[in-house]
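# Coordinate analysis (summary)
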Amino acid sequence: MADPSDPLVSVVIPAYNAERTLREAVDSALAQTYRNLEVIIVDDGSSDGTPAVIRQFEDEARVRSVRQENAGAAAARNRGIAEARGKYLAFLDADDLWLPEKTEKQLALFRAKPHLGLVYCRQRTVFRN
């Protein structure tokens, strides 16, 4: 359970025809050691099984979704920002994964250096078929 003094982090996931990868992306966000987060999935007009994957999370209180006509990743991110309730925003593409301590480590930087407006991290590229 999240500490009520911890700021809410809004994780925005734009998803377009992301049936193959979305579940793992959302699971990696929900598996964060920092618990006070909401996950906002923006279905950008998918024509595959993406809506069915999203429905798998309907019992997860920290996950919300919205659907829009296909307008591209930037528009989907902007829609997610508009839906966000958190003090902080974090972006996760539907075909990416987060390591479990990512959010916790990044928030520690904001706490240590309150003048920061943005933090980012390295990436590890993994190719799958």
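Here is a short report on the structure shown in this document. (Residues numbered from 1 in each chain as written. Predicted model: local features only at pLDDT ≥ 70, side-chain atom pairs only at ≥ 80, totals over all residues. Heavy atoms only, no water.)

### Overview of the overall build of the protein chain
- Across its full length, the protein chain holds 4 helices and 4 strands.
- The order of helices and strands in the protein chain, counted from the N terminus, is β-α-β-α-β-α-β-α.
- Relative to a compact globule of 129 residues, whose C-alpha radius of gyration would be 14 Å, the protein chain shows 14 Å and is just as compact.
- Its C-alpha atoms give the protein chain principal-axis dimensions of about 45 × 30 × 25 Å.
- Counting all 129 residues of the protein chain, 40% fall into the buried class.
- Of the roughly 8200 Å² of accessible surface on the protein chain, 50% is carried by carbon and sulfur atoms.
- Averaging the locations of the 18 positively and 19 negatively charged side chains of the protein chain gives two centres separated by 6 Å. (Helix = DSSP H or I, 4+ residues; strand = E, 2+ residues; numbered from the N terminus. Rg over C-alpha atoms; globule rule 2.2 N^0.38 Å. Buried < 20%, exposed > 50% of the residue type's maximum accessible area, 1.4 Å probe, protein only. Areas by Shrake-Rupley, 256 points an atom, 1.4 Å probe, with all protein chains shown as cover. Lys, Arg positive; Asp, Glu negative; His and termini not counted. Charge placed at Lys NZ, Arg CZ, Asp CG, Glu CD.)

### Observations concerning the pattern of salt bridges
- The full count for this structure, using the stated rule, is 9 salt bridges.
- For aspartate 6, the salt bridge goes to arginine 111, with nearest N and O atoms at 3.3 Å. With aspartate 6 in the segment before β1 (9-15) and arginine 111 in helix α4 (residues 102-112), this pair connects stretches of sequence that are 105 residues apart.
- Arginine 111 gets classed as partly exposed once you look at its relative accessible area, which sits at 48%. (Salt bridge = Lys/Arg side-chain N within 4 Å of Asp/Glu carboxyl O.)

### Quick look at the pairing of strand β2 (residues 37-44)
- Of all 8 residues in β2, 8 are buried, a share of seventy percent or more.
- Alternating positions in β2 separate into two faces, Leu37, Val39, Ile41 and Asp43 on one and Glu38, Ile40, Val42 and Asp44 on the other, with burial throughout.
- In this structure, β1 lies alongside β2, joined through 7 bridges in parallel fashion. Residue pairing in the sheet places valine 12 in a bridge with isoleucine 40 of β2.
- Since β2 and strand β3 (residues 63-68) lie parallel, the crossover through helix α2 (residues 50-55) that links them has a hand, and here it is right-handed. (Pairing = 2+ DSSP bridges. Right-handed = clockwise from strand over helix to strand, strands pointing away.)

### Overview of the packing of aromatic side chains
- Inspection of every chain in the model, using the stated rule, returns 1 aromatic pair.
- Geometry around tryptophan 98 places lysine 102 over its ring, the cationic atom sitting 4.2 Å from the centre. (Phe/Tyr/Trp six-rings, centres within 6.5 Å; stacked < 30°, edge-to-face > 60°. Lys NZ or Arg CZ within 6 Å of the ring centre and 35° of its normal.)

### Some thoughts on a nonpolar patch on the surface
- There is a patch of nonpolar side chains on the surface, built from Ile81, Leu89 and Phe91 and spanning about 240 Å² of accessible area.
- Looking at the secondary structure, you find leucine 89 in strand β4 (residues 88-91).
- Relative accessible area serves as the criterion here: at 40%, leucine 89 is assigned to the partly exposed category. (Patch = residues over 30% accessible without salt bridge, like charges linked within 9 Å, V, L, I, M, F, W, Y side chains within 5 Å.)

All we've got here are geometric facts, nothing functional implied.
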